[in-house]
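Each chain is listed here by its residues.
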Amino acid sequence: MCLKGDDPPPGECPRSEDQCSLERAESAIFAGMPVLPHDLQILPATAGEYSHLLHWILSADSGPANEDPLVWELLDRHRRGLVSLDLLLQAVSMGKIVGTAWGQVLPGRIGIIWPVRLAAGIAPQAGVELLQSIDKSFDRQGVVLPVSVIDTETTDAMALHRNLLEIVGYEPQTRLQIMSKAIASQIQQPAGPLHFLSDVDCPFLAGILEQTEVESGDIPEIQGIRSGSDILATFEQEAEDSPRAWYVVRHEGNPVGCLLLASNLLSESCSIQYMGLLPGFRARGWGRLLVDHAEHWGRGQNARCLRLMVDSRNQRATRLYNKCGLQIDHEQQFWMRAADVRGT
């Protein structure tokens, strides 16, 4: 343990202040809790454990997966090479699984940390070791944006996950609002001064996307970490087996923004993956035209619902979406490594 005023043992280098802060945080959180099992091992999950561990992560229920539709959808996507389970990990002690965590690596150099789960009576340090294993693997695989997006519920399980994230160096940055509206059964083709061109190459679209990020108000902490091509690669994987439409938006022949759409046939919904206008073309009422176009495209895909996600701090965008009829369904917390945060 490293406390202020302590001298390091002979032959050891002095600990940094960051190391001391980490150890003090662990000491405060873990005081009076069970001791870490001496034989604890962090191992990759076996294929036979996939359904059990995914069910535990998704539901906080360590029992059998039974007919959990989300689990079977993930397993189906894994079998088709669309979801990686390489970093689905298990903590094992005395031959039993006592914890699990999943770091999902996506195209575009982003890694998603799903909630850590531990069995009753297991020391939280086991969760720290799971997260540290995932973080090291993220670094080895070239992930530049490791994040965790978690529900705002106040259960003990989610409180544990938040504590563990803090210990390994993650911080909450903002709340993301998931918004939706019902799509009308009859929608006229939107009219206006904008043209939506879908026949564009990805490098050009990526360049437009990067320009629309400037002063957009959506999670400024991550802007500049990934390129436009990285972002498109992530969105492409998310909609790999679904219809999608990606547009460069033009006005009088000039590019002024972009709109990325995807539909989910199972949920009968259409998602605005991304929309943005270049800084010089904002505050003209054109944002509503982008949402109208998304709704019209979704209706053509037989979608019943339009969905999107927005940074809760982006009041300009949330006012627009409210005017377009979208309402908040729920919120999630967005966490990222403190060391990765960019300018705000």
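Residues numbered from 1 in each chain as written. Predicted model: local features only at pLDDT ≥ 70, side-chain atom pairs only at ≥ 80, totals over all residues. Heavy atoms only, no water.

**Student:** What is the right way to look at the overall build of the protein chain in this model?
**Tutor:** A count of helices and strands for the protein chain gives nine helices and 13 strands. When the 344 residues of the protein chain are sorted by exposure, 46% land in the buried category. A total of about 17,100 Å² of accessible surface is found on the protein chain, and carbon and sulfur atoms cover 51% of it. (Helix = DSSP H or I, 4+ residues; strand = E, 2+ residues; numbered from the N terminus. Buried < 20%, exposed > 50% of the residue type's maximum accessible area, 1.4 Å probe, protein only. Areas by Shrake-Rupley, 256 points an atom, 1.4 Å probe, with all protein chains shown as cover.)

**Student:** Would you mind showing me how to read the packing of aromatic side chains here?
**Tutor:** Centre-to-centre distance and the angle between the planes together describe a pair of aromatic rings. Applying the stated criterion across every chain yields a total of three aromatic pairs. For the ring pair Phe196 and Tyr247, a centre distance of 5.9 Å and an interplane angle of 85 degrees mean the geometry is edge-to-face. Here the residue Phe196 occupies a position in strand β8 (residues 194–197), and Tyr247 occupies one in strand β9 (residues 244–251), the gap between them amounting to 51 residues. Like Tyr247, Phe196 is buried. An angle of 15 degrees between the planes, with centres 6.1 Å apart, marks the rings of Phe281 and Trp286 as stacked. Its guanidinium or amino end placed over the ring of Trp246, Arg244 lies 4.4 Å from that ring's centre, counting from NZ or CZ. (Phe/Tyr/Trp six-rings, centres within 6.5 Å; stacked < 30°, edge-to-face > 60°. Lys NZ or Arg CZ within 6 Å of the ring centre and 35° of its normal.)

**Student:** How do you make sense of the pairing of strand β7 (residues 170–182) when you look at a structure like this?
**Tutor:** On a regular strand, one side chain projects to one face of the sheet and the next to the other, so that they alternate. Relative to strand β13 (residues 327–337), β7 is paired through 10 bridges, and the arrangement is antiparallel. Across the sheet, Pro172 pairs through a bridge with Trp335, a residue of β13. By the bridge criterion, seven bridges tie β7 to strand β12 (residues 305–311) in an arrangement that is antiparallel. By the bridge assignment, Ile178 is partnered in β12 with Met309. (Pairing = 2+ DSSP bridges.)

**Student:** When you look at the pattern of salt bridges in this model, what are you seeing that I'm missing?
**Tutor:** When the charged atoms of two side chains lie near each other, side chains of opposite charge can form a pair. Under the criterion given, the structure shown has 12 salt bridges. Arg337 is the partner of Asp139 in a salt bridge, and the nearest nitrogen-oxygen pair spans 3.4 Å. Taken together, the residues span a long stretch of sequence, with Asp139 in helix α4 (residues 125–140) and Arg337 in strand β13 at a distance of 198 residues. The class for Asp139 is partly exposed, based on a relative accessible area of 47%. (Salt bridge = Lys/Arg side-chain N within 4 Å of Asp/Glu carboxyl O.)

**Student:** Would you mind showing me how to read the pairing of β9 here?
**Tutor:** Most of β9 sits inside the fold, with six of its eight residues counted as buried. Sheet analysis places β8 next to β9, joined by four bridges and oriented antiparallel. Looking at β9, one finds that Phe196 is bridged to Val249. One ladder, built from eight bridges, connects β9 with strand β10 (residues 254–264); its direction is antiparallel. Each bridged residue has a counterpart across the sheet, and for Arg250 the counterpart in β10 is Pro255. What sits between the antiparallel neighbours β9 and β10 is a turn of two residues, in which Glu252 has the positive phi angle 50 degrees.

**Student:** What is the right way to look at helix α6 (residues 202–213) in this model?
**Tutor:** Along an α-helix, residues three or four apart share an orientation, since each turn contains 3.6 residues. Look at α6: 16 Å from first C-alpha to last across 12 residues, which is about the 16 Å you get at 1.5 Å a residue. Considered for burial, the residues of α6 that qualify are Leu205, Ala206, Ile208, Leu209, Thr212 and Glu213. When α6 is viewed along its axis, its buried side chains cluster within an angular range of 165 degrees and face the same direction. Looking at the buried residues of α6, the elements they touch are α7 (228–238), β9, β10 and β11 (269–277). Looking at where α6 begins, the residue whose side-chain oxygen comes 2.8 Å from the main-chain nitrogen of Phe204 is Asp201. (Expected span 1.5 Å × (residues − 1). Arc of directions from axis to C-beta. Contact = heavy atoms within 4.5 Å. Polar contact = N/O pair within 3.5 Å; in protein donor to acceptor, adjacent residues only side chain to side chain.)

**Student:** Please explain a positive patch on the surface as it appears in this structure.
**Tutor:** A surface patch of like charges, here positive, comprises Arg288, Arg316, Arg319 and Lys323. With respect to the helices and strands, Arg319 occurs in helix α9 (residues 315–323). For Arg319, a relative accessible area of 49% gives the class partly exposed. (Patch = residues over 30% accessible without salt bridge, like charges linked within 9 Å, V, L, I, M, F, W, Y side chains within 5 Å. Lys, Arg positive; Asp, Glu negative; His and termini not counted. Charge placed at Lys NZ, Arg CZ, Asp CG, Glu CD.)

**Student:** What is the right way to look at unusual backbone geometry in this model?
**Tutor:** Excluding glycine, residues mostly carry a negative phi; peptide bonds, for their part, are mostly trans. Positive phi is not limited to glycine here, since Glu252 has a value of about 50 degrees. Looking at where Glu252 falls in the secondary structure, it is placed in the loop between β9 and β10. If you check the backbone angles, Glu268 has positive phi at about 50 degrees while not being a glycine. You can see Glu268 is positioned in the loop between β10 and β11.

**Student:** In this structure, what is going on with the packing of α6 against α7? I would like to understand it.
**Tutor:** The description of two packed helices rests on the angle between their axes and on the distance between the axes. For the pair α6 and α7, interaxial distance at closest approach is 8 Å and the crossing angle is 105 degrees. Considering the angle they form, α6 stands roughly perpendicular to α7. Across from Cys202, Leu205, Ala206, Leu209, Glu210 and Glu213 in α6, the residues of α7 making contact are Gly228, Ser229, Ile231 and Leu232. Of the residues that constitute the contact of α6 with α7, the class distribution is six nonpolar, two polar and two charged. (Axes fitted to C-alpha atoms, helices over the stretch in contact; angles between N-to-C directions. Parallel < 35°, antiparallel > 145°, perpendicular 65-115°, else oblique. Nonpolar A, V, L, I, M, F, W, Y, C, P; charged D, E, K, R; others polar.)

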